[in-house]
Amino acid sequence: MEEPPAGETAEAAHADSDAGSGQARSSRAGAAPHTHPHGPSGPTGEGDTVIATHGLTKRYRGGQLAVDGLDLAVPAGSVFGFLGPNGSGKTTTIRMLMGLIEPTSGTAHVLGRPMPRAVRTVLPHVGALIEGPALYGFLSGRDNLLRYDAADPTADPRTRRTRVAAALDRVGLTAAAGKKAKAYSLGMKQRLGLAAALLQPRRLLVLDEPTNGLDPQGMREIRSLIRELASDGTTVFLSSHLLDEIEQVCTHAAVMAQGRLITQGAVAELAAGVRGRLFVTTPDTADAARVLKEQGAGDVVIIDDRVTAEPPERDLADVNAALVRAGVRVRGFGVERASLEDAFVALTGEGFDVAG
Ligand SMILES: Nc1ncnc2c1ncn2[C@@H]1O[C@H](COP(=O)(O)OP(=O)(O)OP(=O)(O)O)[C@@H](O)[C@H]1O
């Protein structure tokens, strides 16, 4: 049965597709997407995997290898951060996942279906915000959403206004609904884009750099919105080049560098395998630094009354005892929790350079 096109958000994403779009099929009845039988389970070996790729590779016509043998597993219900410096292949991966471009080799399954083959079945279940929302500046926020909704043939016109009002409310734009979109701040435009993605219930939200270009307040608003959406059970896949953003909102993450996957898993576990830095708080910083070096600590740094270092491969109780023996007055001693950045540096041997 031929069915109408995918939701407007997906349509908007198709606008810059090189894989073509055309009529889409909806999979509402009897076609509930499921995990592909041959797909992997989640990184923990259990539960559904909403996005799964195997050896996914994209080489652009110019010869640029943008994504290189990517094996990604996004568990259902996760807020999954797709992290990497600019140019590491995040957008290219998202475009393959959404069926906008063909992979050179490898496979991608979204909601258990192969992409781009099942694009018409899958996209109605996916809300996407890629490269900023397509908005009419001369229309109000509400009228933009009404237009989006009207472009979705599966959307019942009788409930349109209610749906639009609910979406506006969801993203906190009710008060500004009558304003022209061109008068919106960047953050409000992003929120309107999210509202468009939320006109229909979605199983998966794909957000490409959703806080890019926003001021800190706008970033906070989008982050709390993402947390809220995730708490309703929607899986959220978001790309970012901001490590702290991923640490703040994501339950899981994959780290990319130069088109390759460096690591993936639960955020708490990614950093857990990496030792944080040893710190000593003391008024006797010079002596403390000397003793730490004697004890085998590396990269000793003094900042104010705090000495930090790479912890030595020995019992830290002995290090503390040595400090005390040397007359260092220790006010604080311990190992800082490793950040995702520490993990990235440990895995790549490089700093996380976000400069473009
Ligand atoms: N259409 C294209 N043709 C040729 N090369 C491309 C094309 N799009 C991207 N690239 C190259 O592929 C690599 C990965 O780019 P991609 O945009 O996927 O990275 P990214 O991690 O999303 O970075 P950014 O955050 O800057 O968008 C880069 O070297 C980029 O220059």
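Details of the structure are given in the entry above.
Residues numbered from 1 in each chain as written. Predicted model: local features only at pLDDT ≥ 70, side-chain atom pairs only at ≥ 80, totals over all residues. Heavy atoms only, no water.

To continue, consider the sheet that holds strand 13 (residues 298-303). Read across the open sheet, the four strands follow the order 13-14-12-15; overall the sheet is antiparallel. Of all the strands in the sheet, the pair left with one neighbour each is strand 13 and strand 15 (332-335). Going from strand to strand, the sheet's axes swing by 15° on average, the running direction of each strand aside. Here strand 13 runs beside strand 14 (residues 306-310); their pairing, made up of four bridges, is antiparallel. Looking at strand 14, one finds that I303 is bridged to R306. Packed onto the sheet, helix 11 (residues 316-325) meets strand 12 (278-281) and strand 15 and runs at close to 155° relative to strand 15. (Pairing = 2+ DSSP bridges. Helix = DSSP H or I, 4+ residues; strand = E, 2+ residues; numbered from the N terminus. Axes fitted to C-alpha atoms, helices over the stretch in contact; angles between N-to-C directions. Contact = heavy atoms within 4.5 Å.)

Moving on, we come to helix 10 (residues 285-294). Regarding helix 10, the residues found buried are T285, A288, A289, V291 and L292. For helix 10, the angular spread of buried residues about the axis comes to 165°, placing them on one side. Of the residues in helix 10, the exposed ones pointing more than 90 degrees away from the buried face are A286, K293 and E294. The inward-facing, buried residues of helix 10 contact strand 12, strand 13, strand 14 and helix 11. Just beyond helix 10, the residue with positive phi is G296, at close to 95°. (Buried < 20%, exposed > 50% of the residue type's maximum accessible area, 1.4 Å probe, protein only. Arc of directions from axis to C-beta.)

Another aspect to go through is helix 5 (residues 160-170). Within the span of helix 5, buried status applies to R160, R163, V164, A167 and L168. Seen from one end, helix 5 has its buried residues packed into an arc of 135°, which puts them on one side. More than 90 degrees from the buried face of helix 5, the exposed residues found are R161, T162 and D169. For helix 5, the secondary structure elements touched by its buried residues are helix 4 (141-150) and helix 6 (186-197). At the exit of helix 5 stands G172, carrying a positive phi of roughly 75°.

Right, let's get into the site of the ligand. Taken together, Y60, Q64, A66, P85, N86, G87, S88, G89, K90, T91, T92 and E209 form the complete shell of residues around the ligand. Within the backbone of G87, one N or O atom sits 2.6 Å away from an oxygen atom of the ligand. One of the backbone N or O atoms of K90 is found 2.9 Å from an oxygen atom in the ligand. Burial of the ligand by the protein chains amounts to 60% of its free accessible area of 620 Å². Per element, the largest residue contribution to the shell around the ligand is three residues, and it comes from helix 2 (residues 90-97). For the shell around the ligand, the class distribution of residues is three nonpolar, seven polar and two charged. (Near = heavy atom within 4 Å. Polar contact = N/O pair within 3.5 Å; in protein donor to acceptor, adjacent residues only side chain to side chain. Areas by Shrake-Rupley, 256 points an atom, 1.4 Å probe, with all protein chains shown as cover. Nonpolar A, V, L, I, M, F, W, Y, C, P; charged D, E, K, R; others polar.)

The next point concerns the sheet that holds strand 9 (residues 235-240). Taking strand neighbours across the sheet as the criterion, the six strands line up as 7-8-9-4-10-11 in an open arrangement whose pairing is mixed. Edge positions in the sheet fall to strand 7 (126-129) and strand 11 (260-266), since each of these pairs with one other strand and no more. Mean inter-strand twist for the sheet, computed between neighbouring axes without regard to direction, equals 15°. Bridge count for strand 8 (residues 204-208) against strand 9 is five bridges, and the pairing is parallel. Residue pairing for strand 9: L205 is matched across the bridge by V236. Along the sheet face, helix 2 touches strand 4 (79-83), strand 8, strand 9 and strand 10 (252-257) and points at about 145° away from the line of strand 9. Across the sheet, helix 6 touches strand 7 and strand 8, and the angle it forms with strand 7 is around 160°.

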